[in-house]
Amino acid sequence: MADMTAPVRPSSPPFATVLRAIGGIAAIGVKELRGRMRGRRAFIILTIYLLLLGGFALMVEQIMEQQFQNPFTGASATAGPAIGQAIFAAVLLLMTLQVVFLAPSSTAGAISLEREKQTLELLVTTPISSFAIVIGKLLSALVYVFLLIAASIPLMAVVFVFGGVGPEDIVRGYIVLIVTALGLGSFGILCSSLVKRTTASTAITIFGVLAITIGTVFLLVFWQAMGSFDATGNRRPGPLGIRTPYPLAWINPFLAQADVLCGTESTFGGGWCSVVQGLAPTTDNGVIINNGGGGGVGVPMPMPVPAVPEKGFAPGGAVAIDDQGNPIVNDVVAQPFGARQDTLWPKTVAMWLGISVFFILLSVQAVSPTRRWRFLRRPRRRAKSPESQAP
């Protein structure tokens, strides 16, 4: 029989639990931010960062002006948009490089430093939950990264003076920056939760970031170089009979930013579009489609035969139109002319959001002193008392 004298713990309502978690996150965040933002160092670093970023943008602008002042080519009517696109690309990629290395390095010692100082046990014994500890550490470390991103917005607005870049392009680029910072910061705090030493955690984090950025591009280039084409123009599988793992491009923030920059190009064979279509081309039923982006295999567009009305044709022989405005020919959607844009960066954003949630949950399990990996353990059986075993 169950022990009727055991105290019954009253269950707290969900709203009170959420408030308690928010209070714990705020407490951890305020504690960390006071240590990071106290003094002049943070503001001096921010000022130097903006000066370097502005100087880099000025050098790019001067280089582009010298190219259009060539006496053999003369002034061009597209000089302004080209300069704006060049400044946007240079500043955006430089900020991406800064986020890729600064976000994980700022969280790589968040939990391991507490272990080295022997204060993690004291922090866990407080009423603050493990989830609040991990989220508070993560957000407090990323606040400075988000501050650097926000401080560059006035500088990025300079591209509107030259043209060639719309506000939606800048919004897309900043969305990729924020989600990348969140994902790589979650990876850094996971390494800090699993490893006891900060030096080892930082080294693992750096190698992981290099694998995500440089390693994925190398694998995509290697797999495409080892593949070949058959008689029909389709790409054969690469090493070990495996097709090119194009989803690897979804976790690379630089390829996502190249897709954003592809949206600013007005020509179909532009440089950024060719990079995206070359490493992660649009596929249709396993056949790589070349839409003028410089990658993939050319597939002839089917020609309509309006003499015989079939499914996919409107009455009178007119070609039917799908939801995106593309013509449907013999149940096949004709591929539009030009490179497909804005197809990679949404996948990168969705992928990093899911990975961030997974890394945070693993970090909470690693920090929690009790109920760790409970879903992997079998429930223990309670030992029977001598009175219950007696006949």
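Criteria and cut-off values
Residues numbered from 1 in each chain as written. Predicted model: local features only at pLDDT ≥ 70, side-chain atom pairs only at ≥ 80, totals over all residues. Heavy atoms only, no water. Helix = DSSP H or I, 4+ residues; strand = E, 2+ residues; numbered from the N terminus. Buried < 20%, exposed > 50% of the residue type's maximum accessible area, 1.4 Å probe, protein only. Contact = heavy atoms within 4.5 Å. Areas by Shrake-Rupley, 256 points an atom, 1.4 Å probe, with all protein chains shown as cover. Phe/Tyr/Trp six-rings, centres within 6.5 Å; stacked < 30°, edge-to-face > 60°. Expected span 1.5 Å × (residues − 1). Bend = angle between axes of the 7 residues up to and from the residue. Core = buried A, V, L, I, M, F, W, Y, C linked by side-chain atoms within 4.5 Å. Axes fitted to C-alpha atoms, helices over the stretch in contact; angles between N-to-C directions. Left-handed = near helix turned anticlockwise from the far one by under 90°. Nonpolar A, V, L, I, M, F, W, Y, C, P; charged D, E, K, R; others polar. Patch = residues over 30% accessible without salt bridge, like charges linked within 9 Å, V, L, I, M, F, W, Y side chains within 5 Å. Salt bridge = Lys/Arg side-chain N within 4 Å of Asp/Glu carboxyl O. Polar contact = N/O pair within 3.5 Å; in protein donor to acceptor, adjacent residues only side chain to side chain.

Enquirer: What am I meant to see in the overall build of the protein chain here?
Expert: Along the backbone of the protein chain there are 14 helices and five strands. Here the protein chain holds 391 residues, and 40% of them are scored as buried. Restricting to contacts in the protein chain with at least 6 residues of sequence separation, those with at least 24 account for 71%. If you sum the accessible surface of the protein chain, you get close to 22,700 Å²; carbon and sulfur atoms cover 67% of it.

Enquirer: Which parts of the structure should I look at to understand the packing of aromatic side chains?
Expert: For any pair of aromatic rings, geometry is given as the distance between the ring centres together with the angle between the planes. One pass over the structure, following the stated rule, counts four aromatic pairs. Their ring planes at 15 degrees and their centres at 6.4 Å tell us that phenylalanine 218 and phenylalanine 222 sit as a pair that is stacked. With phenylalanine 218 and phenylalanine 222 both in helix α10 (residues 198-226) and four residues apart, the pair spans about one turn of that helix. Taken together, a centroid distance of 6.2 Å and an interplanar angle of 45 degrees make the contact between phenylalanine 358 and phenylalanine 359 tilted. Exposure remark for phenylalanine 358: the relative accessible area of 48% places this residue in the partly exposed category.

Enquirer: Just checking my understanding: could you explain α10 for this structure?
Expert: Think of an α-helix as 3.6 residues a turn; residues three or four steps apart then line up on the same face. The end-to-end C-alpha separation of α10 is 40 Å, in line with the 42 Å expected for 29 residues at 1.5 Å each. At glycine 215, α10 shows its maximal kink, close to 40 degrees. Those residues of α10 lying buried are Thr198, Ser201, Thr205, Gly208, Val209, Ile212, Thr213, Thr216, Leu220, Trp223 and Gln224.

Enquirer: Would you take a moment to explain the nonpolar core for this structure?
Expert: Taken as a class, soluble globular proteins show a tendency for nonpolar side chains to be buried jointly. Grouped together as the largest cluster of nonpolar side chains are 59 residues, with contacts concentrated most on Phe88 and Met95. Counting residues per element, this core draws most heavily on helix α3 (residues 79-107), which supplies twelve residues. Beyond its immediate sequence surroundings of up to four residues, methionine 95 is in contact with Tyr49, Leu53, Ile149, Ser152, Met156, Tyr174 and Leu177. One finds Ala249, Val276, Leu279 and Leu344 within the second-largest nonpolar core, a separate group that totals eight residues.

Enquirer: Looking at this model, I keep getting lost on the packing of helix α6 (residues 130-151) against helix α9 (residues 167-194). Mind explaining?
Expert: What describes two packed helices is the angle between their axes and the distance between those same axes. Following both chains from N to C, one finds α6 and α9 inclined at 145 degrees, their axes separated by 10 Å at the closest point. Relative to α9, the crossing made by α6 is right-handed. Note on element contacts: α9 touches α6 through Tyr174, Leu177, Ile178, Ala181, Leu182, Gly185, Ser186 and Ile189, opposite Val134, Lys137, Leu138, Leu142, Val145, Phe146 and Ile149. Of the residues in the contact of α6 with α9, the class split is twelve nonpolar, two polar and one charged.

Enquirer: Mind showing me how you'd approach a nonpolar patch on the surface here?
Expert: A grouping of Leu94, Leu97, Phe101, Ile206, Phe207, Leu210 and Ile214 is seen on the molecular surface, where their side chains present a nonpolar patch of about 630 Å² in accessible area. Top contributing element to the nonpolar patch by residue count: α10, with four residues. Mapped onto the elements, leucine 94 comes out in helix α3.

Enquirer: Which parts of the structure should I look at to understand the side chain of asparagine 252?
Expert: As for its placement among the helices and strands, asparagine 252 is situated in the loop between α10 and α11 (253-262). Separated by 2.7 Å, the side chain of asparagine 252 and the backbone oxygen of threonine 213 make a polar contact. A polar contact of 3.0 Å, which involves the side chain of asparagine 252, links it to the backbone nitrogen of phenylalanine 254. Setting aside anything within four residues of it in sequence, one finds asparagine 252 in contact with Ile212, Thr213, Thr216, Val217 and Thr348.

Enquirer: Looking at this structure, how should I read the packing of helix α2 (residues 41-68) against α6?
Expert: Remark: α2 packs on α6, axes separated minimally by 10 Å, with the N-to-C direction vectors making an angle of 40 degrees. Considering how the two elements wind past one another, α2 and α6 form a crossing that is right-handed. Here α2 contributes Ala42, Ile45, Leu46, Tyr49 and Leu50 to the contact with α6, which in turn contributes Tyr144, Leu147, Leu148 and Ala151. Here the residues of the contact of α2 with α6 are counted per class, giving nine nonpolar, no polar and no charged.

Geometric descriptors of this kind do not, in isolation, establish any biological role.
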